[in-house]
Amino acid sequence: MGTVVLTMKAFVIEMFLVLLVTGIHSNKEMTKKIKRPKFAVPQINCDVKAGKIINPEFIVKCPAGCQDPKYHVYGTGIYASYSSVCGAAVHSGVLNNSGGKILVRKVAGQSGYKGSYSNGVQSLSLPRWRESFIISESKPKKDVTYPSSLTYSSARTPAAKAGKCLYETTKANAKPSVPGTTAQPVTLMQIPEAEATPATLPKPSLLAASATSSPRLQPFGHRSREMGETDLWKPGAVLLDAGFVPKEELSTQSLEPVSQGDPNCKVDLSFLIDGSSSIGKRRFRIQKQFLADVAQALDIGPAGPLMGIVQYGDNPATQFNLKTHMNSQDLKAAIEKITQRGGLSNVGRAISFMTKNFFSKANGNRGNAPNVAVVVVDGWPTDKVEETSRLARESGINIFFVTIEAAVEHEKQHVVEPNFANKAVCRTNGYYSFNVQSWFGLRKTVQPLMKRVCDTNRLACSKTCLNSADIGFVIDGSSSVGTSNFRTVLQFVANLSKEFEISDTDTRIGAVQYTYEQRLEFGFDKYNTKTDILNAIKRVGYWSGGTSTGAAIHYALEQLFKKSKPNKRKLMILITDGRSYDDVRIPAMAAHQKGVITYAVGVAWAAQDELEVIATHPARDHSFFVDEFDNLYKSVPKIIQNICTEFNSQPRN
């Protein structure tokens, strides 16, 4: 019996071993027969930026034609993720302009991306960026699985419909329809429109960034975001890029009685806020809270301050203008709804946009209130501000700068335009500049900033070459001029007057006519509108007589310019057609010593040497001559240009 049992056990073991060997062999055969699926290489367009793609390593196919300079590339060898993937591939030499497959691998952000010209592509330099990538030939690595479809970051804030779809998708994923199964995550893919920061990249804390001088990986002052903060940049809808305002930002009508505003702070105020992609969500929220605090402190209203906001990144857009919100409550609600645009920190472009578009009558500019612009910038701008700021100042805009976490010593070499704030602000005496060491200290700036903005008597740039002068015309009415030519002279006076902003607080006009004698036609305080001035000029009657120019200058100083306001520039514009019967040197010198800027305009028989004596130094900029009365109109643009050039060349301290 024992023998039988042993025999049966041996048989069972033998059968088990046979089945095991057969199964392994069969498995190998099956494995040989199964073909691995062919890897599908995703295709991208030339304008796709690496930072828009979340995948850390991937193979893609580029189309032909990516050598075009409109596809910007930053760096050499190692490229900032703000670059076109395919443009960088052509620049690196991995691809030619006919396109093809490439392998892309994300690496950490760098400092000092160097621009160079290579393979028909000009790459640009960049001091730093938060993420980089390198390009190589599309040879797959062993044991690495590459995605057959790319995952893009969200390119816009979801609309209601998209939000609903996302909710339903999430809901479906959270509750599997078949018991015992697990819902698979759904990857949302969008066509790239703007770059985003991958959520997987580590972000230094804000406290560390402000408390230490460690290198920051953003370009031109862009700061690293907070540790653990999921901060995919989601710029607003495409309509924002065209300057349109989202419907939800339209003013809400309050049912409560609202203030008419603080009459002691009647200014038209624009805030240019930093929406660059690397500022981070937390800093952007701090900036919005700062704006809300300003709105509350100002007491917005039609009889007081009005406030609008322009957000800048790559390109600026008006969030809302001066007349959109007429009280602090509505303004604060609108500020809360502002979403970050992203991109670089193009402050110069934003100032230019503001100068050309923001302070217009259609956007609520009142004309009788000073124009003020407060520029908020994180670090430093990525473009130049000097020229655009000069044009803004010449347009009467008072520019303030609030710079948060400015460049430390080892970063200054990367600043595009050194001393940019002083080149931009209204005056360089420190009154218009605020340097904030940390974003956490920004709220402390609200009260001192508002105090300066509301002190309209100290807003020096409200004065321009066209709105800040007392202009006295001294007109030759001698017999040699004649009635017809005298009317031509009056038209010349009217053409010059039209160029100025005329009111009792802006430019004022007065006129004296002379022969042997002198007559005050009207003084500076007689008329305070342009229409009244032009009508008064038309009514001046031709006198006729001799030519005593010296006596006329003395008379104008006593009867006209003695009543000029102390804060006004004094301009005398003298028109004559001949040599004076009396001496002009002493009266002209007296005018110069009293600060009266004198322009001498001669016609026909006027003595040019005498014109140069009368004119303020340098005479070439203040004396003009035409051979006949009908050509007087040609001098108008040059005279206005010289008046403004002289005004704008004054020191800004």
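Further up the page is the structure itself.
So, how was this worked out
Every residue gets a number counted from 1 within its own chain, in the order that chain's sequence is written. In keeping with the model being predicted, local features are shown solely for residues with a pLDDT of at least 70 and side-chain atom pairs are shown and tallied solely at 80 or more, while totals for entire chains, interfaces and linings include all residues. Processing note: side-chain calculations cover all non-hydrogen atoms of the structure and skip hydrogens and water entirely. For the purposes of this entry, the term helix denotes a DSSP run of H or I that reaches at least four residues, the term strand denotes a run of E that reaches at least two, and both are numbered from the N terminus. When a residue's accessible area, from a 1.4 Å probe over protein chains only, is under 20% of the maximum for its type it is buried; when over 50% it is exposed; and in between it is partly exposed. Note on contacts: a residue pair is in contact if any heavy atoms of the two residues lie within 4.5 Å. Nonpolar core, defined: a set of buried Ala, Val, Leu, Ile, Met, Phe, Trp, Tyr and Cys residues in which side-chain atoms within 4.5 Å join the residues together. Criterion for a disulfide: a pair of cysteine sulfur atoms at a distance within 2.5 Å. The reported arc concerns the directions from the helix axis to the C-beta atoms and nothing else. One side-chain nitrogen of Lys or Arg within 4 Å of one carboxyl oxygen of Asp or Glu is enough to make a salt bridge. Only the stretch in contact is used when fitting a helix axis, every axis being a line fitted to C-alpha atoms; angles between N-to-C directions are given from 0 to 180 degrees. Note on angle classes: values under 35 degrees are labelled roughly parallel, values over 145 roughly antiparallel, values of 65 to 115 roughly perpendicular, and the remainder oblique. Polarity classes work like this: nonpolar for Ala, Val, Leu, Ile, Met, Phe, Trp, Tyr, Cys and Pro, charged for Asp, Glu, Lys and Arg, and polar for all others, with Gly in that last group. Two N or O atoms form a polar contact when they lie within 3.5 Å of each other; inside protein one atom must be a possible hydrogen donor and the other a possible acceptor, and for residues adjacent in sequence the pair counts only when both atoms belong to side chains. Each Phe, Tyr or Trp ring, with Trp reduced to its six-membered ring, pairs with another whose centre is within 6.5 Å; inter-plane angles below 30 degrees give stacked pairs, above 60 give edge-to-face pairs, and intermediate values give tilted ones. Here, a charge over a ring is recorded when the distance from Lys NZ or Arg CZ to the ring centre is within 6 Å and its angle to the ring normal is within 35 degrees. By the convention used here, strands pair only if DSSP detects at least 2 bridges between them. Think of it like this: strands point away, you trace from the first strand over the helix to the second, and a clockwise trace means the crossover is right-handed.

Q: Just to check I follow, could you spell out the overall build of the protein for this structure?
A: The helix and strand inventory of the protein stands at 18 helices and 21 strands. Every one of the 653 residues in the protein was classed for burial, and the buried ones make up 49%. Put simply, 80% of the contacts in the protein that link residues at least 6 apart link residues at least 24 apart.

Q: It is not clear to me how the nonpolar core should be interpreted in this structure. Could you clarify?
A: The nonpolar side chains of soluble globular proteins are, as a tendency, buried together. Counting residues in each nonpolar core, the largest one holds 67 residues, and the members touching the most others are Phe271, Met307, Ile351, Phe401 and Leu449. By residue number, the principal contributor to this core is helix H6 (residues 281–298), which donates seven residues.

Q: How do you make sense of the state of the cysteines when you look at a structure like this?
A: Every disulfide links exactly two cysteines, by a covalent bond between their sulfur atoms. In total, this model carries five disulfides according to the counting rule given. Note on cysteine connectivity: Cys46 is disulfide-linked to Cys66, with sulfurs 2.0 Å apart. Looking down the S-S bond of the Cys46 and Cys66 bridge, the torsion is -80°, so its handedness is left-handed. In this pair, Cys46 sits in the loop between helix H1 (2–33) and strand E1 (57–62) while Cys66 sits in the loop between E1 and strand E2 (75–76), placing the two residues 20 residues apart along the sequence. With respect to class, Cys46 is no different from Cys66; both count as buried. The cystine pairing of the protein, numbering bonded cysteines in sequence order, is 1-3, 2-4, 5-7, 6-8, 9-10.

Q: What am I meant to see in helix H11 (residues 446–454) here?
A: Among the residues of H11, those classed as buried are Val446, Leu449, Met450, Val453 and Cys454. For H11, the angular spread of the buried residues around the axis is 120°, confining them to a single face. For H11, exposure combined with an orientation more than 90 degrees from the buried face picks out Gln447 and Lys451. In this fold, the buried residues of H11 make contact with strand E10 (268–274), H6, strand E13 (371–378), strand E14 (397–404) and strand E15 (433–436).

Q: Is there a simple way to think about helix H8 (residues 347–358) in this case?
A: An α-helical segment advances 3.6 residues per turn. Residues three or four places apart therefore align on the same side. Along H8, the positions that sit buried rather than exposed are Val347, Gly348, Ala350, Ile351, Met354 and Phe358. Mapping the buried residues of H8 onto a view down its axis gives an arc of 165°, with all of them on the same face. Taken together, the buried residues of H8 touch E10, strand E11 (306–312), strand E12 (317–320), E13, helix H9 (386–394) and E14.

Q: Which parts of the structure should I look at to understand the pattern of salt bridges?
A: Between side chains of opposite charge, a pair can form when the charged atoms approach closely. For the coordinates displayed, the defined rule picks out 14 salt bridges. Between Lys139 and Glu137 there is a salt bridge, with the nearest N and O atoms lying 3.9 Å from each other. Judged by relative accessible area, Lys139 falls into the exposed class, the value being 60%. Notably, a salt bridge pairs Glu394 with Arg390, separated by 2.6 Å at the nearest N-O pair. With Glu394 and Arg390 both in helix H9 and four residues apart, this pair spans about one turn of that helix. Within the structure, one salt-bridge network assembled from shared partners comprises Glu387, Arg390 and Glu394.

Q: How should the packing of helix H12 (residues 483–498) against helix H13 (residues 530–538) be read in this particular structure?
A: In a pair of packed helices, the angle between the axes and the distance between the axes together describe the arrangement. Remark: H12 packs on H13, axes separated minimally by 9 Å, with the N-to-C direction vectors making an angle of 170°. Comparing their axes, H13 and H12 come out roughly antiparallel. From H12, Arg487, Leu490, Val493, Ala494, Ser497 and Lys498 reach across to H13, where they touch Lys530, Ile533, Leu534, Ile537 and Lys538. Here the residues of the contact of H12 with H13 are counted per class, giving six nonpolar, one polar and four charged.

Q: Looking at this model, I keep getting lost on the side chain of Thr598. Mind explaining?
A: Structurally, Thr598 can be placed in strand E20 (residues 596–603). Since its relative accessible area comes to 1%, Thr598 is described here as buried. Polar contacts involving the side chain of Thr598 include one to the main-chain carbonyl oxygen of Val596, which spans 3.4 Å. In this view, Thr598 contacts Met572, Ala591, His592, Ile614, Ala615, Thr616 and His622; residues no more than four positions away in its chain are not counted.

Q: Explain the packing of aromatic side chains here, please?
A: Aromatic ring pairs are reported here in terms of the distance separating the ring centres and the angle at which the planes meet. Scanning all chains against the criterion turns up 13 aromatic pairs. Residues Phe358 and Phe359 carry aromatic rings whose centres are separated by 5.0 Å and whose planes lie at 80° to one another, so their mutual orientation is edge-to-face. As far as burial versus exposure is concerned, Phe358 and Phe359 are alike and both buried. Between the aromatic rings of Tyr516 and Tyr581, the centroid separation amounts to 5.4 Å while the plane-to-plane angle is 45°, which identifies the pairing as tilted. Pair noted here: Tyr516 is in the loop between strand E17 (508–514) and strand E18 (518–522) and Tyr581 is in the loop between strand E19 (569–576) and helix H15 (585–593), with a separation of 65 residues, a long-range link. Of the residues examined, Tyr516 reaches a relative accessible area of 51% and is grouped as exposed. Looking at Tyr581, the relative accessible area reads 56%, which means it is exposed. Linked through ring pairs, Tyr74, Tyr82 and Trp129 together constitute an aromatic cluster. Sitting over the ring of Tyr431, Arg452 keeps its end group 5.3 Å from the ring centre. One residue, Arg519, lies across the ring of Trp543, its end atom 4.7 Å from the ring centre.

Q: Just checking my understanding: could you explain the pairing of E20 for this structure?
A: Each regular strand shows side chains that alternate between the opposite faces of the sheet. Most of E20 sits inside the fold, with eight of its eight residues counted as buried. Taking every second residue as pointing to the same face, both faces of E20 are buried, with Val596, Thr598, Ala600 and Gly602 on one and Ile597, Tyr599, Val601 and Val603 on the other. As judged from the seven bridges shared by E19 and E20, these two strands associate in the parallel manner. Bridge assignment links Lys570 to a residue of E20, and that residue is Val596. Handedness of the crossover joining E19 and E20 through H15 is recorded here as right-handed. One ladder, built from four bridges, connects E20 with strand E21 (residues 623–626); its direction is parallel. Of the residues in E21, the one forming a bridge with Val603 is Val626.

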